[in-house]
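# Understanding the architecture of this molecule
Listed below, chain by chain, are the residues.
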Amino acid sequence: MNSTSRARLVHLLISKSIVEALLIAAVAVAFFFATTNPYLRGVLDAADKGAVTGWVVDESRPHTRVEVQLFVDDHFAAAAIADQFRPDVHEAKRADDDWHGFVFNTPRLSAGNHEARVYAVHSSGSGTRRTLQLIGKPYRFRIE
Amino acid sequence: MITDRSLAAWEIVSVTSSVLIAEWILSASAGRSKLIVAIPAALAFILVIYSHVLRGEKARDLGFRFDNFLPSLRLLLLPMIVIAGIALVIGFLSGSHPDFFRWHAERLILFQLGLGFGWGFLQQYVLQSFMNRRAQIIWGRGKASVLVTALIFSLLHFPNPWLMLVTFVGGVVWAFVYQKQPNLFALALSHGIMTWAIVSALPPSALNHLRIGLKYFA
């Protein structure tokens, strides 16, 4: 193999790598936007041995109620619809009406430190794909 | 200056990565559309063909020939019988009865065998005429290049464990025979028939519909 052919092959290998890297980046960006709803807003307000509470609104569809799932210590605990009365969210102009709160009964837990996370369920791909999007920040609490 | 061996290794890695990108990243995010998967596949084929041209490889060198069809088939016959026999025994031991119409039961078996030959030809072309030949540039003819070719073939079937096992064994046989008698038609015939035998003999649950990459978990 002469040096010209060798140089051509190297150029092709580099070009191919660049095209593939760009393709993967494009797919990753498209996948992110397909599986993420940038209009979700919400807060996990509190968690204790009795309940986990907060609110969530989809600002792109402010009159729909968002499906949420509670995970405690990384384990699924419960699913619900965020349709509880939260006039404070409406008053703070974060929602168009009073009904975007969620309340979960905290599952039976051992004494010690725990962590609650609430995720909004986001459907994409005409409902064939469902992804979870963290609402607010994880809430750490202690049971005596 | 890059050496010929380094360049051959780079070529192997490049084509392998294209297949892995198609199997793992694109097919997972593309949903039902297969079109996007065709992009890395097309890039890989452009590289393979251009590499043949730049290296001055002729079709006959690559295995597009008929003069050694029967000698190649003769070398393949015994391993094929042994592997098919082992697959049948494993199938019986696991309580599965052979079903020679199981492989895409919705299609005519002759049509499916034709597709198997075509798909096998394509795989053997990339595996032997490209991977095996590049491996020989690095390690020369013999055990090392045969094993590397088989390992790559097996890796491309990750994470399906049974398929990885049979493709490794098949990969060793095909790479060895190709180095002795390079004939893609005999290898494709063997590939098609062995796929039929394995699918017919092994329990369907073990092969998971021959799924590989992220689709294995679907």
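For the structure itself, consult the block above.
Before going into details, it helps to say that this report is about the structure given with it. (Residues numbered from 1 in each chain as written. Chains lettered and ligands numbered in written order. Predicted model: local features only at pLDDT ≥ 70, side-chain atom pairs only at ≥ 80, totals over all residues. Heavy atoms only, no water.)

All names here are of chain B. For the coordinates displayed, the defined rule picks out 17 salt bridges over all chains. A salt bridge links Glu-11 to Arg-134; the nearest nitrogen and oxygen atoms lie 3.1 Å apart. On the criterion of sequence distance, the pair formed by Glu-11 in helix α1 (residues 4–29) and Arg-134 in helix α5 (residues 109–139) is long-range, its members being 123 residues apart. Arg-134 gets classed as buried once you look at its relative accessible area, which sits at 0%. For the salt bridge of Glu-57 with Arg-134, the shortest nitrogen-to-oxygen distance reads 2.9 Å. In this pair, Glu-57 is assigned in the loop between α2 (38–55) and α3 (59–62) and Arg-134 in helix α5, connecting sequence segments 77 residues apart. The same class applies to Glu-57 and to Arg-134, which are both buried. (Salt bridge = Lys/Arg side-chain N within 4 Å of Asp/Glu carboxyl O. Helix = DSSP H or I, 4+ residues; strand = E, 2+ residues; numbered from the N terminus. Buried < 20%, exposed > 50% of the residue type's maximum accessible area, 1.4 Å probe, protein only.)

A word on the interface of chain B and chain A. Interface size is commonly expressed as the accessible area that is lost once the parts come together. Listed per partner, the contact involves 26 residues of chain B and 18 residues of chain A. Among the residues of chain B in contact with chain A, Trp10(B), Leu43(B) and Leu54(B) are the three that bury the most area, contributing 28% of the side total. The interface formed by chain B and chain A holds 0 salt bridges in total. Between the two partners, chain B and chain A, sit 4 residue pairs in polar contact (both at pLDDT 80 or more). Breaking the side of chain B that touches chain A down by element, the ones donating at least two residues are α1 and α2 of chain B. Looking at the side of chain B that touches chain A element by element, the count peaks at 12 residues for α1(B). Taken together, the residues of the side of chain B that touches chain A break down into 17 nonpolar, 6 polar and 3 charged. (Contact = heavy atoms within 4.5 Å. Buried area = accessible area lost by both parts, 1.4 Å probe. Polar contact = N/O pair within 3.5 Å; in protein donor to acceptor, adjacent residues only side chain to side chain. Nonpolar A, V, L, I, M, F, W, Y, C, P; charged D, E, K, R; others polar.)

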